[in-house]
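Summary of the model geometry
Listed below are the residues making up each chain.
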Amino acid sequence: MTKSKSFGHSLRPQFYFEDKFVPLNHGSFGCCPRSLHPLLRSYQEQSEQQPDRFLRRDILMLHYKNRQRLATFVNCDYKDLAFIVNASYGTNSVLRSLSFNPGDKVLCFSTAYNAVERTLTFLQDHHKVQLVPVTLSYPLADQEILDLTKQAIDRELAAEPSIPIRIAVFDAISSVPGVRFPFEAMIKLVREYKILSLVDGAHAAGQIPLNLAELDPDFFVSNLHKWLFVPRGAAFLYVPKRNQGLIHPTIINYAYRSTANGEPSNFEEEFGWPGTMDFSTVLCVNAAIDFRESLGGEEAIQSYCNDLAQKGGQLVADLCGTEVLENDDKTLTVAMTNVRLPFTNKQNKPEGEVVNAFIDKWMYEHNTMGAPYKHNDKWYVRLSAQVYNDLDDFRYFAETVHKVCKELEE
């Protein structure tokens, strides 16, 4: 691939977008460049041409090479990484593997992704754990979040010193609001209390730099199909060797070992073969990183997206007469910006109904998309900045906001 000289609309032909579609919701599902699709189909075809050879032998080296490349990308030992289908699979594998006693506590945050929140509720229902939620009402400074967390931990330990907080579950970048969380400092904070850390980094890989060996979380998950341009259905779970004996995949396979009986962990094999499936997505990790390097590499991509998110969000806010959800230190916005909508829900419609109404109007009537949500009693839209976007996309979206909000208020 030749190195791209510019970002913005000049890159749109490298993706499969409809001609008049204005894509501003990369954060939900990501997208895969055209150049990766022939490789994806090639692996799918190889699995049909000689299924046994491909699935029993060929895939092993392909899997290994892509896992090694990813390990270099996120700075860790490849033996501490497992490919999985999505971040939710990873969080479930961790949380449903740990042995909880009734009454054990789990620290969590009000901004947890809905599937993570439901998984925590499952633990509460089936294992009788106690959830210790920390309510976050943005905009907040990073230190405020850390202070609220420390206060919650100290309060719980003072009230019930004999009952442990077993694990803390928190984001690297939250879904809604789409804001960066001080996960690096949070890992260190909970470690001081001997609390395990599970970082939901669903939006992390490709949006922010990662050095997992340096961060040293107990568990970390991230999608690869969101911000890294890998075809959909690709993610990773990071588990350092000290914790691999604690964790098993949600789908138990032939390689399971009962580490409780002293057997060594079989982490790589347990996660490496979830059963017969289409492995072609994770076999495109190498090519996805190559594509990103052809655009100028991580620093260039992340710098462009961050700058565009800041400028685009401010443009939409200015045109709508509202504001961007940001703190004084400007630490919340990365490649997603959150703009308050000029909407108060005068009809008092149910929240879910309002969300779906916004989505349908943007998708079907204006051929664009942002992620609407309610936070702290205000309505916002999360807009994603990607290499194929420019300020004109944000300007167009702002024009739709006035029309859609007015229609939904009537």
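Please refer to the structure higher up on the page.
About the thresholds
Residues numbered from 1 in each chain as written. Predicted model: local features only at pLDDT ≥ 70, side-chain atom pairs only at ≥ 80, totals over all residues. Heavy atoms only, no water. Salt bridge = Lys/Arg side-chain N within 4 Å of Asp/Glu carboxyl O. Helix = DSSP H or I, 4+ residues; strand = E, 2+ residues; numbered from the N terminus. Buried < 20%, exposed > 50% of the residue type's maximum accessible area, 1.4 Å probe, protein only. Bend = angle between axes of the 7 residues up to and from the residue. Expected span 1.5 Å × (residues − 1). Arc of directions from axis to C-beta. Contact = heavy atoms within 4.5 Å. Axes fitted to C-alpha atoms, helices over the stretch in contact; angles between N-to-C directions. Parallel < 35°, antiparallel > 145°, perpendicular 65-115°, else oblique. Left-handed = near helix turned anticlockwise from the far one by under 90°. Nonpolar A, V, L, I, M, F, W, Y, C, P; charged D, E, K, R; others polar. Pairing = 2+ DSSP bridges.

1. So, the pattern of salt bridges
Counted under the stated rule, the structure contains 22 salt bridges. Put simply, Lys241 and Asp77 hold a salt bridge, and the shortest N to O gap is 2.7 Å. Placement of the pair is Lys241 in the loop between strand E8 (235-238) and helix H9 (267-272) and Asp77 in the loop between helix H3 (51-74) and strand E2 (81-84), with a sequence separation of 164 residues. Lys241 sits in the partly exposed class, given a relative accessible area of 45%. The residue Lys311 makes a salt bridge to Asp307 at a minimum N-O spacing of 3.2 Å. Taken as a pair, Lys311 and Asp307 lie in helix H11 (residues 298-320) at a separation of 4 residues, close to a single helical turn. Take Lys311: its relative accessible area is 47%, and that puts it in the partly exposed class. The network of salt bridges with shared partners includes Arg191, Asp216, Asp218 and Arg242.

2. Remarks on H3
Where H3 bends most, the angle comes to about 50°, and this point is Asp58. Looking at H3, one finds that the buried residues are Phe54, Ile59, His63, Asn66, Arg67, Leu70, Ala71, Phe73 and Val74. Once H3 finishes, Asn75 follows within two positions and takes phi at roughly 60°, a positive value.

3. Concerning helix H2 (residues 37-49)
Here H2 is 13 residues long and its end C-alpha atoms lie 18 Å apart, about the 18 Å a rise of 1.5 Å per residue gives. Where H2 is concerned, the buried positions are His37, Leu40, Tyr43 and Ser47. One side of H2 holds all its buried residues, which, seen down the axis, span an arc of 130°. Structurally, H2 contributes buried residues whose contacts are with H3.

4. Details of the packing of helix H4 (residues 87-95) against helix H5 (residues 114-127)
At a minimum axis distance of 10 Å, the contact between H4 and H5 shows a crossing angle of 20°. Compared by their axis directions, H4 and H5 come out roughly parallel. The chirality of how H4 crosses H5 is right-handed. Facing Ser88, Thr91, Asn92 and Leu95 of H4, the residues of H5 in contact are Ala115, Val116, Thr119, Leu120 and Leu123. The residue makeup of the contact of H4 with H5, split by class, is 5 nonpolar, 4 polar and no charged.

5. Details of the pairing of strand E7 (residues 219-223)
Counting buried residues in E7 gives 5 out of 5 residues, a clear majority hidden from the surface. One ladder, built from 3 bridges, connects strand E6 (residues 196-200) with E7; its direction is parallel. Bridge assignment links Leu198 to a residue of E7, and that residue is Phe219. Summarising the sheet, E7 and E8 pair through 4 bridges and their orientation is antiparallel. In the strand pairing of E8, Asn223 is matched with Ala235.

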